[in-house]
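Overview (structure and organization)
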Amino acid sequence: MKRKNILLLSILILAIFLTGCSTGGVVTPATDEAKVKSVIQDYFLAINDQNWSKAKNCCVYGSDRYYATCVLEDAVNALYQYTSTVTITCFVTISNVTITGSYASAYINLTMYASAGGYSDSDSASGYYYLQKVGNSWKIYAP
């Protein structure tokens, strides 16, 4: 019987300890860094999928990146008038994430392949993307 009580007490102490360690309160910089990287990756995955609403949702509404996404969407939609297949494939590497309050920057290396009908092209670019924390989410506002 004593052994059961000790086991029960140990489980209760462990449960109290674990609930005391649950998330809530201040977000650690490592968590924000992961969120910054995640939103950039989600943005380019949405471009790959041509999920324009999801891509625009990764951006600050009305920002340069938001409007650049709208321009890309219009260009792809125009291509669909001439061909039934438009493919976009983006590969992005993210490094040097810096967070200062509600703003962040991340250096990216991007390679983008696009094809429409029998035409294809590729381009590479690198530079900083800039993000702003909106509520509890990071959003891209400028490349």
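Data block above holds the structure.
Residues numbered from 1 in each chain as written. Predicted model: local features only at pLDDT ≥ 70, side-chain atom pairs only at ≥ 80, totals over all residues. Heavy atoms only, no water.

Structural notes on the overall build of the protein
Counted only if it meets this: Each helix is a run of H or I in the DSSP string that is no shorter than four residues. Each strand is a run of E no shorter than two, and both are numbered from the N terminus. Residue contacts are counted whenever heavy atoms from the two residues lie within 4.5 Å of one another. Here, Shrake-Rupley sampling with a 1.4 Å probe gives the accessible areas, and only protein chains in the shown set may cover a residue.
In terms of regular secondary structure, the protein is built from 4 helices and 4 strands. The helix and strand sequence of the protein, counted from the amino end, reads α-α-α-α-β-β-β-β. A separation of at least 24 residues holds for 51% of the contacts in the protein among residues at least 6 apart in sequence. If you sum the accessible surface of the protein, you get close to 9400 Å²; carbon and sulfur atoms cover 58% of it.

Examining the pattern of salt bridges
Put simply, the rule reads: Whenever a carboxyl oxygen of Asp or Glu lies within 4 Å of a side-chain nitrogen of Lys or Arg, that contact is scored as a salt bridge.
Per the counting criterion, the structure on display carries 3 salt bridges. In this structure, the salt-bridge partner of Lys 56 is Glu 73, at a minimum N-O distance of 3.0 Å. Of this pair, Lys 56 sits in helix 3 (residues 52–57) while Glu 73 sits in helix 4 (residues 64–79), and the two are 17 residues apart along the sequence.

Looking at the pairing of strand 3 (residues 119–134)
It is a general feature of regular strands that their side chains alternate between the two faces of the sheet. Here is the rule we go by: At least two DSSP bridges between two strands are required for those strands to pair.
Here strand 2 (residues 103–116) runs beside strand 3; their pairing, made up of 14 bridges, is antiparallel. Each bridged residue has a counterpart across the sheet, and for Ala 114 the counterpart in strand 3 is Asp 121. Remark: 2 residues form the turn of the hairpin made by strand 3 and strand 4 (residues 137–142), two consecutive strands paired antiparallel; Gly 135 in that turn has positive phi of roughly 65 degrees.

Concerning the layout of surface pockets
To keep it simple, the criterion reads: Think of a 1 Å grid over the protein atoms and nothing else: a 1.4 Å probe that fits but is trapped marks a cavity, an open set flanked by protein within 12 Å on at least five of seven lines marks a pocket, and residues with an atom within 4 Å of a point count as lining. Grid points are joined across faces, edges and corners, and a volume is the space filled by probe spheres set on the points. Gly falls in the polar group here, along with every residue not listed as nonpolar (Ala, Val, Leu, Ile, Met, Phe, Trp, Tyr, Cys, Pro) or charged (Asp, Glu, Lys, Arg).
Approximately 250 Å³ is the volume found for the largest pocket. Taken together, 14 residues make up the lining of the largest pocket; nearest its centre are Met 112, Ala 114, Asp 121, Ser 122 and Asp 123. The set of elements that each furnish at least two residues to the lining of the largest pocket consists of strand 2 and strand 3. Here the residues of the lining of the largest pocket are counted per class, giving 9 nonpolar, 3 polar and 2 charged.

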